[in-house]
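Structure assessment
The lines below spell out each chain.
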Amino acid sequence: MTRTSPVIEAEGLDLTFQTNDGPVHALKDVSLTIGKGDFVSFIGPSGCGKTTFLRVMAALEQPTGGSVTVNGMTPDEARRSRAYGYVFQAAGLYPWRTIAGNIRLPLEIMGFSRKEQDRRVKDVLQLVDLEGFGGKYPWQLSGGMQQRASIARALSFDADILLMDEPFGALDEIVRDHLNEQLLALWKRTGKTIAFVTHSIPEAVYLSTHIVVMSPRPGRITDVIESPLPQDRPLDIRDTAGFLEVAHRVREGLRAGQSHDD
Amino acid sequence: MQDFAQEFKSAAALILAGDPELWAIVLLSLKVSLLAVLIAALIGMPLGAALGVGRFPGRRAVVIVLNALMGLPPVVVGLLVYLMLSRSGPLGVLNLLYTPSAMIVAQVVLVTPIVAALTRQTVETLDAEYSEQLRSLGVSRLASVPTLLWDSRLALLTALLAGFGRAIAEVGAVIMVGGNINHVTRVMTTTIALETSKGNLALALALGTILIGIAVTVTGAVSLLGLNDDRGALKHA
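Residues numbered from 1 in each chain as written. Chains lettered and ligands numbered in written order. Predicted model: local features only at pLDDT ≥ 70, side-chain atom pairs only at ≥ 80, totals over all residues.

Residue and element names in this part refer to chain A. Examined bridge by bridge, strand E1 (residues 6–19) and strand E2 (residues 22–35) share 10 bridges and lie antiparallel to one another. Looking at E2, one finds that Gln18 is bridged to Pro23. The hairpin formed by E1 and E2 contains two residues between the paired strands. (Pairing = 2+ DSSP bridges. Helix = DSSP H or I, 4+ residues; strand = E, 2+ residues; numbered from the N terminus.)

Residue and element names in this part refer to chain B. Taken N-terminus to C-terminus, the directions of helix H5 (residues 100–136) and helix H7 (residues 153–168) make an angle of 155°; their axes are 9 Å apart at the nearest point. In terms of their interaxial angle, H5 and H7 are classed as roughly antiparallel. The handedness of the crossing between H5 and H7 comes out as right-handed. Of the residues in H7, those in contact with Gln107, Leu110, Val111, Ile114, Val115, Leu118, Thr119 and Thr122 of H5 are Ala155, Leu156, Ala159, Leu160, Ala162, Gly163, Arg166 and Ala167. (Axes fitted to C-alpha atoms, helices over the stretch in contact; angles between N-to-C directions. Parallel < 35°, antiparallel > 145°, perpendicular 65-115°, else oblique. Left-handed = near helix turned anticlockwise from the far one by under 90°. Contact = placed C-beta atoms within 7 Å.)

What follows covers the interface of chain B and chain A. Quoted interface sizes are often the accessible area lost when the parts come together. Contacts between the two partners involve 13 residues from chain B, matched on the other side by 15 residues from chain A. Elements that contribute at least two residues to the side of chain B that touches chain A include exactly H5, helix H6 (145–151) and helix H10 (201–236) of chain B. Considering only residue class, the side of chain B that touches chain A consists of three nonpolar, six polar and four charged. (Nonpolar A, V, L, I, M, F, W, Y, C, P; charged D, E, K, R; others polar.)

Moving on, we come to the nonpolar core. In terms of nonpolar packing, the biggest core is built from 69 residues, with A:Met57, A:Tyr84, A:Ala152 and A:Leu163 touching the most fellow members. When residues of this core are assigned to their parent elements, the largest contribution, six residues, is made by helix H5 (residues 143–155) of chain A. Counting contributing residues per domain, this core is built from domain 1 (6–83 + 162–259) and domain 2 (93–158) of chain A, each supplying no fewer than three. Setting aside anything within four residues of it in sequence, one finds A:Tyr84 in contact with A:Ala58, A:Val70, A:Ala78, A:Ala159, A:Ile161, A:Leu162 and A:Leu163. Ranked by size, the runner-up nonpolar core spans 60 residues in total, among them B:Leu118, B:Tyr130, B:Ala159 and B:Val177. (Core = buried A, V, L, I, M, F, W, Y, C linked by C-beta atoms within 7 Å. Buried ≥ 20, exposed ≤ 12 C-beta atoms within 10 Å, placed from the backbone. Domains from an automatic or database assignment.)

This part takes up the sheet that holds E2(A). Sheet strands pair by backbone hydrogen bonding; their relative direction is either parallel or antiparallel. All names here are of chain A. The strand order across the open sheet built from three strands is E2-E1-E4, with neighbouring strands paired in antiparallel fashion. Looking at which strands have only one partner, the edges of the open sheet turn out to be E2 and strand E4 (65–70). If you compare each strand with its neighbour and ignore which way they point, the axes differ by 20° on average. Direction of pairing for E1 relative to E4: antiparallel, over a ladder of five bridges. When the sheet's bridge partners are listed, Glu9 is paired in E4 with Thr69.

Take a look at the structure:
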């Protein structure tokens, strides 16, 4: 088993939220290494800490214990060196900005020249298959197209790491299949490292090189599955025995985590 | 009834003939209120934006006080500004009482809370939508203010128009600190009040017509901007 150089390394990560109902143990002793170019999915029931883990990588949450590095830096330093793009659960496009205007937002903030902004917007629009839609407003696009625009925004400043928090959760299955296929193609073309939070077992198995199974109370990793599936994955790979075997192992992992609870 | 019809005719004649006295009054009104709104914007917008994104103890209380100040009674503001600027007042040495500057000061006091409160509300709403995205890009709260202000420019323009509408139509404060002196501090509202009491209805009606025109235009512009803003937001939802 060969692993590429580590991009994200978490070691004994702990995070406890103080709430009115007492402390909530969102992450407990979470250790994980994500290699360069990996596509890692995080799957588990609500409250298993998968989104919290992603937010810790992005320096949107502070861990209460343990350590995490991104490109050898703290998450906060990594953020300032534009190491990652973050795709939120909702597309989160701003209705008063055009699609191009939304994608341009990070570039404006980072102070790219207008010419460079235009070039990059054009490039990423092409990357997510939205050429010609730059002048449209978000409400003129379908949900799937909006989510693609939101991915384009995260890609616009060319970070090596893409952190995605259930980006396709609100979409219907047909659109989701299509976007999964496109995301896989995009990942192959760009060689980015992707951390991807999902609720869907088929989605996790179809997309990932590594599947991280998590369970709740306290949020922890119960299994890390390295996918034996080939790099080339047409959609109908999901009917093959190999695919179903991986899906079965994920389901078993999820079930084991649940029984721990009872 | 005959008389009223006659007065309306004379009013129309005054407007159409471009009566110099009438237009001097209109111009002074516009000058005073526009300057007041400009100054109020320079004070109120940064204040409102800071309040919108800032987090400090007592913030809620400040927001409530600011919102309450939107309803300041003009006559009371006039009285307070009068006391400040009168000879024996703390700012008496400036000799500003009964000048257009005094009127601008009074209107600034009236309009700044409106601009600041509406800016606060706008920026805070936008911040709720933007903050995660901006944080993921490594933008600090303070550094996000220019982006927030720029992206809420339509709503901020609405706030300015609302402030202008308040200033141009206001009579109590400007008459107290301006003194309604002919050719010096006589603006549309104060002239209307004076000429009506004198029975010179033609001039009052002419000014009234222009004032209504300005007020309706401004209000129309506000709701038109608001409508366009809503449309985008609604379709998004």
